[in-house]
Amino acid sequence: MNEMLHPATAAARVAPLAFEGVSVTHRDQTLLNPLTLRLAGCHRTLVMGPNGAGKSLLLRLAHGLLAPSSGRVHWEGETPRQAMVFQRPVLLRRTALDNLTYALAVTGTPRRQRLALAREALARFGLAALEKRPARVLSGGEQQRLALARAWLTRPDVLFLDEPTSALDPAAIRAVEDAVVDFHERGTRIVMSTHDLHQARRLADDVLFLCGGRLLEHTAAEAFFRAPASPEARAFIRGELVW
Amino acid sequence: MPTDANAFQTALALILGMDPVLLGIVALSLRVSLTAVLIAALLALPLGAALALWRFPGRGAIIVVLNALMGLPPVVAGLTVYLLLSRAGPLGQFGLLFTPSAMVVAQVILILPIIAALTRQQIEELHGEYRDQLRSLGVSRPRMIPTLLWDARFSLLTVVLAGFGRASAEVGAVMIVGGNIEGVTRVMTTAIVLETSKGNLPLALGLGLVLLGLVLLVNAAAHLVGESARRRLG
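Residues numbered from 1 in each chain as written. Chains lettered and ligands numbered in written order. Predicted model: local features only at pLDDT ≥ 70, side-chain atom pairs only at ≥ 80, totals over all residues. Heavy atoms only, no water.

**Q** So what exactly am I meant to see when it comes to the environment of His74(A) here?
**A** Residue and element names in this part refer to chain A. Relative to the helices and strands, histidine 74 resides in strand E4 (residues 70–75). Considered as a pair, histidine 74 and proline 16 are 58 residues apart in the sequence and their alpha carbons are 8.6 Å apart. If sequence neighbours within four positions are ignored, histidine 74 has contacts with Pro16, Leu17, Ala18 and Glu20. Among the polar contacts listed, one links the side chain of histidine 74 to the side chain of glutamate 20, at a separation of 3.0 Å. (Helix = DSSP H or I, 4+ residues; strand = E, 2+ residues; numbered from the N terminus. Contact = heavy atoms within 4.5 Å. Polar contact = N/O pair within 3.5 Å; in protein donor to acceptor, adjacent residues only side chain to side chain.)

So this is what it looks like as structure tokens:
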């Protein structure tokens, strides 16, 4: 049962991710102030903060989609397999099934195994009946589930999710959160941004709190929600406007 | 000598009567232009996509030149190919001048920049949308080319059609390198020029109608394919 690898075993396997004095500037504007950070273990890290806090930037830096203006982002060891699920899923203009077999082809799965694996993933995410449907005409929730199925197939050690539920209805949000739990149980480190406090409470092992391009806290979830250290986080949790 | 009014009737009679001379000319026109479009598309689609994906010094200059070549006068393309293929030219030994092959070469030169430049635009736009996802999946740039070409297939159909339109409508290039030889290199456009200058308006008009009809037919078919697919695939 390699599939159900215990989180603790996986933690030892997946290299920690380190940010060392990482900042992002764009045309003399500082979008992310220098931050130092280390993510290790098989935790579910929730990146929180108001809009424009730099949550997406942090995820994109971590995943390697964006190069920092200064500092260094690196894995302390072997670079793990990663996948990312975006706020608005980017799906190819092909059928749901073809979107999955494409991901398998790219990641080097032998041709003979692709179809069976793709069908299995569709079934796991409740999309079996939609395999022949063009991905772009699926509903928002179905599209996000398909994006998760695609990520599932690449068997990531680390999964980044950038506000994956911000445009979804409650049932679809539930499906995404269940999927996040499944990934985690399979031994995947989760790094997910959200501005939904309730969602963070449901999912987080630890919390990164960003505000105005500054990393203000990196705390265990329980401590963060009980007694946040920074006034901004306290205000955020009380539901006040912060920026 | 027919008057203009019954030139139209005679034209229709030629078309409906499947006049063998007319049919031969139409068939050669289609063969030359379709071959040219096929070759140009095979070269220009990957070229345009590569130009959209790679950043290198001189890229801007290439794009400007390609865009400018979209307006290359057919007679200039024809003259260039003529010089290359004439007996004394660098490629003279192949004896291609005044053959349909020479006409294909000239038309490829005319439409390759059109397809490449428009493909570059379409693929750059699509890549903007797909960039993060493809990089996240670890798709290499050479691999992105077929991926993006396939996903842009409906807009690229229109691009290839623009090339076909240009190829089937031009007269200058095929006239120079083909020579308008009856039964060998005479195509619709060169025949129209010749018959008009001879005063044989019914045949010229008949050819003109066929040319219009064909272009209309091809575009209508492509439009239907594109629209229905767009609706299905979102």
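**Q** In this structure, what is going on with the interface of chain B and chain A? I would like to understand it.
**A** Often, the extent of an interface is quoted as the loss of accessible area on bringing the components together. Counting residues at the interface gives 19 residues for chain B, matched by 23 residues for chain A. In this assembly, chain B and chain A are joined by 4 salt bridges. For the salt bridge of Arg136(A) with Glu129(B), the shortest nitrogen-to-oxygen distance reads 3.0 Å. Summed over the shared surface of chain B and chain A, the number is 14 residue pairs in polar contact (both at pLDDT 80 or more). Contributing elements (two or more residues each) for the side of chain B that touches chain A: helix H5 (100–137), helix H6 (141–151) and helix H10 (201–233) of chain B. Counting residues per element, the side of chain B that touches chain A draws most heavily on H5(B), at 9 residues. (Salt bridge = Lys/Arg side-chain N within 4 Å of Asp/Glu carboxyl O.)

**Q** Honestly, the pattern of salt bridges in this entry has me stumped. Any pointers?
**A** Side-chain pairs of opposite charge can arise where the charged atoms are in close proximity. Under the definition given, this model contains 17 salt bridges over all chains. In this structure, Glu222(A) engages Arg226(A) in a salt bridge whose closest nitrogen and oxygen atoms are separated by 3.1 Å. With Glu222(A) and Arg226(A) both in helix H8 (residues 221–226) and 4 residues apart, this pair spans about one turn of that helix. A salt bridge links Arg120(B) to Glu124(B); the nearest nitrogen and oxygen atoms lie 3.1 Å apart. Here Arg120(B) pairs with Glu124(B), and both are found in helix H5, just 4 residues apart, close to one helical turn.

**Q** I'm lost on a nonpolar patch on the surface in this one. Help?
**A** Together, Leu79(B), Tyr82(B), Leu83(B), Phe98(B), Ile181(B) and Val184(B) line one region of the surface with nonpolar side chains, adding up to about 490 Å² of accessible area. For Leu79(B), the position within the fold is in helix H4 (residues 74–85). (Patch = residues over 30% accessible without salt bridge, like charges linked within 9 Å, V, L, I, M, F, W, Y side chains within 5 Å. Areas by Shrake-Rupley, 256 points an atom, 1.4 Å probe, with all protein chains shown as cover.)

**Q** Would you mind showing me how to read the sheet that holds strand E7 (residues 189–194) of chain A here?
**A** Two strands in a sheet stick together by hydrogen bonds in their backbones, pointing the same way (parallel) or opposite ways (antiparallel). Residue and element names in this part refer to chain A. Spatial strand order, E5-E6-E7-E3-E8-E9: 6 strands in an open sheet with mixed pairing. Because the sheet does not close on itself, it has two edges, and the strands there are strand E5 (82–85) and strand E9 (214–220). The mean inter-strand angle of the sheet, taken between neighbouring strand axes irrespective of direction, is 15 degrees. Sheet analysis places E5 next to strand E6 (residues 158–162), joined by 4 bridges and oriented parallel. Across the sheet, residue alanine 83 finds its bridge partner in E6, namely leucine 159. (Pairing = 2+ DSSP bridges. Axes fitted to C-alpha atoms, helices over the stretch in contact; angles between N-to-C directions.)

**Q** Can you walk me through the nonpolar core in this structure?
**A** Nonpolar side chains in soluble globular proteins generally cluster together in the buried interior. Judged by nonpolar contacts, the single largest core of 54 residues is most densely connected at Ile123(B) and Leu148(B). Only helix H3 (96–106) of chain A together with helix H2 (20–53), helix H3 (59–69), H4, H5, H6, helix H7 (153–169) and helix H8 (172–178) of chain B provide two or more residues apiece to this core. Per-element tally for this core: the top contributor is H5(B), with 16 residues. Apart from residues lying up to four places away in sequence, Ile123(B) is in contact with Ala49(B), Ala52(B), Leu148(B), Leu149(B), Ala152(B) and Leu156(B). Grouped together as the second largest cluster of nonpolar side chains are 48 residues, Val85(A), Ala118(A), Leu146(A) and Met192(A) included. (Core = buried A, V, L, I, M, F, W, Y, C linked by side-chain atoms within 4.5 Å. Buried < 20%, exposed > 50% of the residue type's maximum accessible area, 1.4 Å probe, protein only.)

**Q** Could you clarify how one ought to interpret the packing of H2(B) against H6(B) in this entry?
**A** Packed helix pairs are characterised by how far apart their axes lie and by the angle those axes make with each other. Residues and elements named next belong to chain B. Interhelical geometry of H2 versus H6 gives an angle of 120 degrees and a closest axis separation of 9 Å. Considered as vectors, H2 and H6 are oriented oblique to each other. Viewed along their axes, H2 and H6 form a crossing whose handedness is right-handed. Together, Leu45, Pro46, Ala49, Ala50 and Leu53 of H2 and Arg141, Met144, Ile145, Leu148 and Leu149 of H6 make up the contact between the two elements. Here the contact of H2 with H6 is built from residues that sort into 9 nonpolar, no polar and 1 charged. (Parallel < 35°, antiparallel > 145°, perpendicular 65-115°, else oblique. Left-handed = near helix turned anticlockwise from the far one by under 90°. Nonpolar A, V, L, I, M, F, W, Y, C, P; charged D, E, K, R; others polar.)

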